[in-house]
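Chain residues, written in single-letter form:
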Amino acid sequence: MGRLKIGIGFDVHRLQKGRRLILGGVEIPYKLGLAGHSDADVLLHALSDALLGAMSKPDIGCYFPDNDPKHKGLSSLKILQKAVSLMKKDRLSVVNVDCIVIADEPKINIFRDKIIAKIAGALSLDKSSVGLKAKTTEGILAFSKKGIAAYCVVMLEKSG
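So, how was this worked out
Residues numbered from 1 in each chain as written. Predicted model: local features only at pLDDT ≥ 70, side-chain atom pairs only at ≥ 80, totals over all residues. Heavy atoms only, no water. Helix = DSSP H or I, 4+ residues; strand = E, 2+ residues; numbered from the N terminus. Rg over C-alpha atoms; globule rule 2.2 N^0.38 Å. Buried < 20%, exposed > 50% of the residue type's maximum accessible area, 1.4 Å probe, protein only. Contact = heavy atoms within 4.5 Å. Areas by Shrake-Rupley, 256 points an atom, 1.4 Å probe, with all protein chains shown as cover. Lys, Arg positive; Asp, Glu negative; His and termini not counted. Charge placed at Lys NZ, Arg CZ, Asp CG, Glu CD. Pairing = 2+ DSSP bridges. Salt bridge = Lys/Arg side-chain N within 4 Å of Asp/Glu carboxyl O. Polar contact = N/O pair within 3.5 Å; in protein donor to acceptor, adjacent residues only side chain to side chain.

Engineer: Where do I start with the overall build of the protein chain in this structure?
Structural biologist: Each helix and strand counted, the protein chain has four helices and seven strands in total. For 160 residues, the compact-globule estimate of 2.2 N^0.38 gives 15 Å, and the C-alpha radius of gyration of the protein chain, at 15 Å, lies within 12% of that figure. Overall size of the protein chain, expressed as C-alpha extent along the three principal axes, is 50 × 35 × 25 Å. Across the 160 residues that make up the protein chain, the buried fraction comes to 47%. Here the analysis covers contacts within the protein chain between residues at least 6 apart in sequence; of these, 74% occur between residues at least 24 apart. When the accessible surface of the protein chain is summed, it comes to about 8,400 Å², and 53% of that surface belongs to carbon and sulfur atoms. One finds the centroid of the 25 positive side-chain charges in the protein chain at a distance of 3 Å from the centroid of its 16 negative side-chain charges.

As structure tokens, then:
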């Protein structure tokens, strides 16, 4: 079995009134939040799925079904912790993470350092091993001002 494993994750959620906006475990002040069964943190969902994918595991919906009332309002940091615990069980560690958040509004780059620090801490990584870019759709994609999407790629390494 190879020592390096690569995974990719994607998630998208609709913006909705009356919800908090959480991205990368950081609350972003904004008039809308993301709709979902959990806190709907698209960035941590994409990251968790990337980790699970690198381990050839099923997606987060298999571990945290959105029809299970016990997961209502769940912090996505707990979803990420589950992926990390599975990773450690398989004697894998994160080499690096690279993520893209796609949102026309709000502007994400001013929260970039906080989000990177939160992700690095959750993965026990140096901040220099976490890449994060914020992109807009320039209003041309179907969800342009209706939602936020995220892609993440991770590289894991088998120890011992």
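Right, picking up where we left off after that structure.
Engineer: How should I be thinking about the pairing of strand β6 (residues 130–135) in this particular structure?
Structural biologist: Each regular strand shows side chains that alternate between the opposite faces of the sheet. When strand β5 (residues 92–102) meets β6, the two strands line up parallel, connected through six bridges. Looking at the pairing, isoleucine 100 lines up with lysine 133 of β6.

Engineer: Which parts of the structure should I look at to understand the side chain of aspartate 11?
Structural biologist: Inspection of the secondary structure puts aspartate 11 in strand β1 (residues 4–16). Of the side chains bearing the opposite charge, arginine 19 lies closest to the buried aspartate 11, which forms no salt bridge; the N-O distance is 10 Å. Side chain to side chain, aspartate 11 and histidine 45 meet in a polar contact 2.9 Å long. Once residues lying within four places of it in the same chain are set aside, the contact partners of aspartate 11 are Val42, His45, Ala46, Ile148, Ala149 and Ala150.

Fair warning: the whole summary comes from geometry, so function is off the table for now.
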